[in-house]
Amino acid sequence: MQTYDLEANGLRGLNAALQELNGSSDKTAWEIVNPKGSHAIAVGLNSPAEVTIKGSTGYYCAGMNQQATVTVKGSVGPGVAENMMSGTVIVEGDASQYAGATGQGGLLVIKGNASSRCGISMKGIDIVVHGNIGHMCAFMGQAGNLVVLGDAGDALGDSCYEARFFVRGSVKSLGADCIEKEMRPEHIEVLKDLLARAGADAKPEEFKRYGSARKLYNFDVDNAQAY
């Protein structure tokens, strides 16, 4: 395992070294110490590396991730796993706002709580939050799955498209064009798989499913008040 002291050696050198990995090197396991809330740690990775960050980070940690597994042993600032394409990002603490924003693939696991706008404009990413989420989560969610073991704040799924939301706890309010939907056997199987991959101790049958009512895809004057 490669150990990198971020405080001593700086962010630029770390990200350059991680981005140069191409899967052919045996130096695929990295431990980053002394992050001390630094921003943009482990961004733009595109190899099956395993990166462990020993502490909390600032904004945009593990952004644009592809293939890599990034584990944060702490909490993260805004925009963790932003525009993630594939791989896995695990946050063992809490996540600030817009976690997983615009993510197109991969799995984001938040073992604490997530703040507002988690999954905003999600485009295929799977997000599992072990705790609660804040307001306006999955706003304009296009594809992917958002799983919440706790409660959801105001305006869940506002103006969503085809993303799916599974919530075990209460939902303070649903956003425009988001409704509760039937939990069919195929959704139980999807949820069962996501819970297992995220190490979540919960049963799929305990969740409710929410998604788009499909009334706002095209403007209709009769729905003007809903926009």
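Relevant structure appears above.
Note that the coordinates shown come from a computational prediction; the quantities given were computed from them, not determined experimentally. (Residues numbered from 1 in each chain as written. Predicted model: local features only at pLDDT ≥ 70, side-chain atom pairs only at ≥ 80, totals over all residues. Heavy atoms only, no water.)

Caption draft 1: Inspection of helix α2 (residues 11-19) at higher detail. Three or more residues of α2 are buried, namely Leu14, Asn15 and Leu18. All buried residues of α2 lie within an arc of 90 degrees about the axis, which places them on one face of the element. Buried-residue contacts for α2 involve β1 (2-5), α1 (6-9), β2 (29-33) and β3 (50-54). (Buried < 20%, exposed > 50% of the residue type's maximum accessible area, 1.4 Å probe, protein only. Helix = DSSP H or I, 4+ residues; strand = E, 2+ residues; numbered from the N terminus. Arc of directions from axis to C-beta. Contact = heavy atoms within 4.5 Å.)

Caption draft 2: The arrangement of unusual backbone geometry in detail. In this structure, asparagine 83 is a non-glycine residue whose phi angle is positive, near 55 degrees. Mapped onto the fold, asparagine 83 is located in the loop between β4 (69-72) and β5 (88-91). Relative accessible area serves as the criterion here: at 22%, asparagine 83 is assigned to the partly exposed category. Positioned with a positive phi, methionine 136 is a non-glycine residue whose angle comes to about 60 degrees. By secondary structure assignment, the location of methionine 136 is in the loop between β7 (123-129) and β8 (143-148). What makes methionine 136 partly exposed here is its relative accessible area of 23%.

Caption draft 3: View of the state of the cysteines. Scanning the entire structure with this criterion turns up 0 disulfides. Distance from the sulfur of cysteine 61, which forms no disulfide, to the nearest cysteine sulfur (cysteine 118) is 15 Å. (Disulfide = S-S within 2.5 Å.)

Caption draft 4: Looking closely at the pairing of β4. Direction of pairing for β3 relative to β4: parallel, over a ladder of 4 bridges. Note on β4: the bridge partner recorded for threonine 52 is threonine 71. As defined by bridge partners, β4 adjoins β5 across 4 bridges and the pair is classed as parallel. Counterpart to valine 70 in the pairing with β5 is valine 89. (Pairing = 2+ DSSP bridges.)

Caption draft 5: Structural view of a nonpolar patch on the surface. Together, Met140, Tyr161 and Tyr217 line one region of the surface with nonpolar side chains, adding up to about 260 Å² of accessible area. Counting through the fold element by element, tyrosine 161 comes out in the loop between β8 and β9 (164-167). (Patch = residues over 30% accessible without salt bridge, like charges linked within 9 Å, V, L, I, M, F, W, Y side chains within 5 Å. Areas by Shrake-Rupley, 256 points an atom, 1.4 Å probe, with all protein chains shown as cover. Salt bridge = Lys/Arg side-chain N within 4 Å of Asp/Glu carboxyl O.)

Caption draft 6: Molecular detail of the pattern of salt bridges. Summed over the entire model, instances satisfying the criterion amount to 8 salt bridges. As a salt-bridge pair, glutamate 92 and lysine 73 come within 3.3 Å of each other at their nearest N and O atoms. Taken together, the positions of glutamate 92 in the loop between β5 and β6 (107-110) and lysine 73 in the loop between β4 and β5 put the pair 19 residues apart, joining distant regions of the chain. With a shortest N-O distance of 4.0 Å, lysine 172 and aspartate 154 are connected by a salt bridge. Taken together, the positions of lysine 172 in the loop between β9 and β10 (178-181) and aspartate 154 in the loop between β8 and β9 put the pair 18 residues apart, joining distant regions of the chain.

Caption draft 7: Region of interest: the nonpolar core. Counting 47 residues, the largest nonpolar core has Val51, Val80, Leu108, Leu146 and Phe165 as its most contacted members. Take this core: its biggest share by element is 3 residues, from β7. Leaving out residues up to four positions away in the same chain, leucine 108 has contacts with Val80, Ala81, Val89, Val91, Ala99, Gly100, Ile125, Asp126, Ile127 and Val128. Val109, Val128, Phe166 and Leu191 belong to the second largest nonpolar core, which has 13 residues in total. (Core = buried A, V, L, I, M, F, W, Y, C linked by side-chain atoms within 4.5 Å.)

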